[in-house]
Amino acid sequence: MTYKKLNVFFPKVEGVLINSAHNLRYFTGFCGGEGLALITPEHRWLFVDSRYTVAACQEAPDFEVIEFGAGARMREIASRLPNVQSLAFEESYLTVGEFRIFQEALPKVHWVEGSQMIEELRMIKNAEELSFMRQAEQIGVAAFQKVLPMLKPGVTENTVAAELEYEMRRLGASGTSFETIVVSGIKTSMPHGKPGDKKIEPGDFVTMDFGCNYHGYCSDMTRTVVVGRAVPEQKKIYEIVLAAQQKGLAAIRSGILGREADKAARDVIEEEGYGKYFGHSLGHGVGLLIHEQPNLSPKSEICLKPGMVVTCEPGIYIPGFGGVRIEDMVAVTLDGCENLTGLTKELLEL
Ligand SMILES: [Mn+2]
């Protein structure tokens, strides 16, 4: 019944067109990814091609499923609303070419950009969504624990990434939620470095940032470890990042603004003199997408509410030396947050 959330668009527009895979899933239940939903106060139509008709009928029982023939999608839609004057659409998930086809099929329509409002409708997760996200995150945790003993000098970053992904899949994930990051040594100074053929060397920091997809929902976590003994500078920046992360986690609760949570963690890193080495935001919302609202950035004015799921992931990245990031995924509650990762953050020296 999530489609009822789209009522916020009426009577501003006569209907809402949904075409992105994640919003089709959210508002109709259809998981096939390719299709178009048109929701008006009176109708709920889901247009798919013959590859998806059976699945759409099963997965979207609240929608009238309409199968269209090759190239006839917009004609089907136009024939159902011949006199429509205004429609909201997902401008963030439509190519210019696709939009031109919309305009040509419905030349009288005033098109209203709806992406921001539509994305915000997914911010607060219900009990079922939270359950999927808890399980998704725990699949990541279990994979991490399984792979930890493999972290030894001579093993390549690519091997570690492959093992993490394999374990998550074995544990029930349908895939990864983004491209797995495993970087070692000086490469840990790149927040989003790519795993490669580099072998882990004694004394290396190894940063692993990864997640899986479970029932459509994403997980996200990051841990940085040292293979061998940590030198004092490694311990120092690790402890600062950990202190910042704990400050951030302590700040996250219902009623706080995104930028206030970011500041709580950022202040710790700035006071220690490493502010210029923490360039990204404290965290981001997670759900059907790996990056969604609400952002925990220095500019975010979004007020956190119970049921929102966000990451808390400060980092320090020193070019030519290395970096540390520690990331947990949490669900906002009235008086704090539930840590969905719930895994030790002591510096592991393997
Ligand atoms: Mn993240």
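All residue numbers here refer to positions counted from 1 along the written sequence of the relevant chain. In view of the model being predicted, local features appear only for residues whose pLDDT reaches at least 70, and side-chain atom pairs are presented and counted only at 80 or more, with totals across whole chains, interfaces and linings using the full set of residues. Hydrogens are left out, water is left out, and the side-chain values use all remaining heavy atoms of the structure.

Naming follows an unreviewed UniProt entry, where the protein chain appears as Aminopeptidase P family protein of Ructibacterium gallinarum.

This part is about the nonpolar core. Residues belong to one nonpolar core when they are buried, are Ala, Val, Leu, Ile, Met, Phe, Trp, Tyr or Cys, and are joined through side-chain atoms within 4.5 Å. Working definition: with a 1.4 Å probe on protein chains only, accessible area under 20% of the residue-type maximum means buried, over 50% means exposed, and in between means partly exposed. Counting residues in hydrophobic clusters, the biggest one holds 62 residues, and the most contacted among them are V16, L46, L151, V160 and M208. Examining the composition of this core, we find that nine residues originate from one element, helix α6 (residues 127-147), more than from any other. Every residue pair with non-hydrogen atoms within 4.5 Å of one another is taken to be in contact. Ignoring sequence-local partners within four residues, the contact set of V160 consists of V147, L151, V155, V182, I200 and M208. Core analysis: the second largest hydrophobic core is formed by 34 residues, I237, Y238, A251 and I269 among them. Numbering of helices and strands runs from the N terminus; a helix is a DSSP stretch of H or I covering at least four residues, while a strand is a stretch of E covering at least two.

Moving on: the sheet that holds strand β2 (residues 36-39). Between any two strands, at least two bridges found by DSSP are needed for them to pair. With mixed pairing, the six strands of this open sheet are ordered in space as β4-β3-β2-β1-β5-β6. Two strands close off the open sheet at either side, each with one partner strand: β4 (64-67) and β6 (110-113). Neighbouring strand axes in the sheet, compared pairwise and without regard to direction, differ in orientation by 25° on average. As judged from the three bridges shared by strand β1 (residues 15-18) and β2, these two strands associate in the antiparallel manner. By the bridge assignment, V16 is partnered in β2 with I39. Every angle, taken between N-to-C directions, lies between 0 and 180 degrees, and every axis is a line fitted to C-alpha atoms, over only the stretch in contact when it is a helix.

A separate point is the environment of L171. Considering the arrangement of structural elements, one finds L171 in the loop between α7 (157-170) and β7 (175-176). Its relative accessible area of 41% is what places L171 among the partly exposed residues. Here the alpha-carbon distance between L171 and A136, two residues 35 residues apart in the chain, equals 9.6 Å.

Only nitrogen, oxygen and sulfur atoms qualify as donors, provided they sit within 2.8 Å of the metal or within 3.2 Å for Na, K and Ca; with water excluded from the atoms, sites may seem incomplete. At this site the manganese ion is bound by D220 (OD), H284 (NE2), E313 (OE) and E327 (OE), with donor distances of 2.1 to 2.4 Å. Counting gaps between the donor residues of the manganese ion yields the pattern D-x63-H-x28-E-x13-E. With D220 in the loop between β11 (217-218) and β12 (221-226) and E327 in the loop between β17 (322-325) and β18 (328-332), this residue pair connects regions lying 107 residues apart in the sequence.

What follows is about unusual backbone geometry. Of note, the amide linkage connecting F10 to P11 takes the cis form, showing an omega dihedral of 5°. Relative to the helices and strands, P11 is located in the segment before β1. Q293 connects to P294 through a cis peptide bond whose omega is 0°. Of note, P294 is situated in strand β14 (residues 292-296). A positive phi is found at H215, a non-glycine position, where the angle reads about 50°.

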